[in-house]
Amino acid sequence: MSPARAGLWIRPSDPLYNLALEEAVFHEEDARSTGPLLWLWINDPCVVVGVGTPVAEYVNLGFCAARDIRVARRMSGGGAVYQDRGNINWSLMAPLTWFGARAPSQLYARAGGFISALLGRLGLRVTFMPPNRLEASGRKVGGIAAYIKSDTALVHGTLLVNADLRSLMAAIRKHTSPVPVSNIGQGWRAPRLAKALFEILVQDGASRYMPSLTTRKRAWSLLNLRYGSAEWTFRL
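Residues numbered from 1 in each chain as written. Predicted model: local features only at pLDDT ≥ 70, side-chain atom pairs only at ≥ 80, totals over all residues. Heavy atoms only, no water.

Peer 1: Would you explain the packing of helix α5 (residues 104-120) against helix α7 (residues 190-203) in this entry?
Peer 2: α7 packs onto α5 with a crossing angle of 100° between their chain directions and a minimal axis gap of 10 Å. Of the possible angle classes, the one that applies to α5 and α7 is roughly perpendicular. Each of F114, L118 and L119 in α5 lies in contact with α7, whose residues at this interface are L193, L197, I200 and L201. (Axes fitted to C-alpha atoms, helices over the stretch in contact; angles between N-to-C directions. Helix = DSSP H or I, 4+ residues; strand = E, 2+ residues; numbered from the N terminus. Parallel < 35°, antiparallel > 145°, perpendicular 65-115°, else oblique. Contact = heavy atoms within 4.5 Å.)

Peer 1: What am I meant to see in the nonpolar core here?
Peer 2: Buried together is how nonpolar side chains tend to be arranged in soluble globular proteins. Residues L38, W90, L119, L134 and V155 are the most contacted members of the largest nonpolar core, which totals 43 residues. Going through the elements one at a time, β2 (37-41), β6 (87-95), α4 (96-99), α5, β8 (133-136), β9 (139-149), β10 (152-160) and α7 are the ones with two or more residues in this core. Residue contributions to this core peak at nine residues, all from α7. L19, L37, V48 and L223 belong to the second-largest nonpolar core, a separate cluster that totals 24 residues. (Core = buried A, V, L, I, M, F, W, Y, C linked by side-chain atoms within 4.5 Å. Buried < 20%, exposed > 50% of the residue type's maximum accessible area, 1.4 Å probe, protein only.)

Peer 1: Explain the side chain of N18 here, please?
Peer 2: Checked against the element boundaries, N18 lands in helix α1 (residues 15-32). The contact partners of N18, leaving out residues within four places of it in the chain, are W9, P12, S13, W41, I42 and N43.

Peer 1: What is the right way to look at the sheet that holds β10 in this model?
Peer 2: Note: strands within a sheet are paired through backbone hydrogen bonds, in either parallel or antiparallel orientation. Ordered in space as β7-β8-β9-β10-β6-β2-β1-β11, the eight strands form an open sheet in which the pairing is mixed. Two strands in the sheet have a free side with no partner beyond their single neighbour: β7 (127-129) and β11 (207-209). Here the strands of the sheet are splayed against their neighbours by 25° on average, with no regard to which way each runs. (Pairing = 2+ DSSP bridges.)

Peer 1: What's the story with the sheet that holds strand β3 (residues 46-49) in this structure? I'm lost.
Peer 2: One open sheet holds the three strands; their spatial order is β4-β3-β5, and the pairing between them is mixed. Bordering the open sheet on either side are β4 (70-73) and β5 (80-83), each of which pairs with just one other strand. Across this sheet, the average inter-strand angle for adjacent strands is 25°, counted without regard to direction. Pairing analysis gives four bridges linking β3 to β5, with the strands arranged antiparallel. When the bridges of β5 are listed, C46 appears paired with Q83.

And the structure:
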């Protein structure tokens with residue numbers, strides 16, 4: 001189980017545009033069916049909530065406004081996650097047949113196991129824990145969510161590498177993790193770790209993926225119509 005293509009997107013790091021780009025890339029993959037893709041990307045400070053999550057209940061809006069932390073809404077479900085340049089976002093896009101599963105719990109396990117094994121090749125001991133989190137030394141270092149369209153799945157998650165955990169705790173009102181949250185640490189910084197993971201995939205034979213001009217134009221359209229709108233983010 002290894003993706004045919006790998007993408008690395010560290011700049012730009014505007015979370016609203018990057019969420020729009022993730023959706024645009026996913027729709028491109030759904031249309032092209034050219035093989036599994038692992039997309040690695042990094043956001044500037046933000047809190048990203050699930051598609052049905054009430055913002056005011058989960059997000060400390062006053063703290064976020066004072067610290068210039070953007071608030072955004074993603075296309076998948078789940079609660080609220082804090083991200084900054086010390087966090088890696090990963091998006092695994094593939095046909096359901098590649099995952100060998102359709103139920104969300106199975107998709108989480110397949111993708112979480114793959115990400116854990118990939119980190120293990122760099123000497124990082126991270127394990128998948130049901131239903132949808134990644135742990136290191138008994139502490140949560142990442143969460144997982146999924147979105148299914150037709151016969152294609154987007155399974156995506158976070159990896160706390162050297163994130164600002166104080167801001168994480170303050171920016172989110174409602175913490176749902178049953179275990180403490182921590183960074184992977186061990187001297188890594190998120191951009192360097194993302195590049196190292198990307199290079200492993202390329203060495204394994206994955207082709208280097210970059211969104212087409214058409215996909216990036218679609219991302220700008222999604223940004224204007226959805227991700228950049230208060231109606232979408234705050235459900236006005």
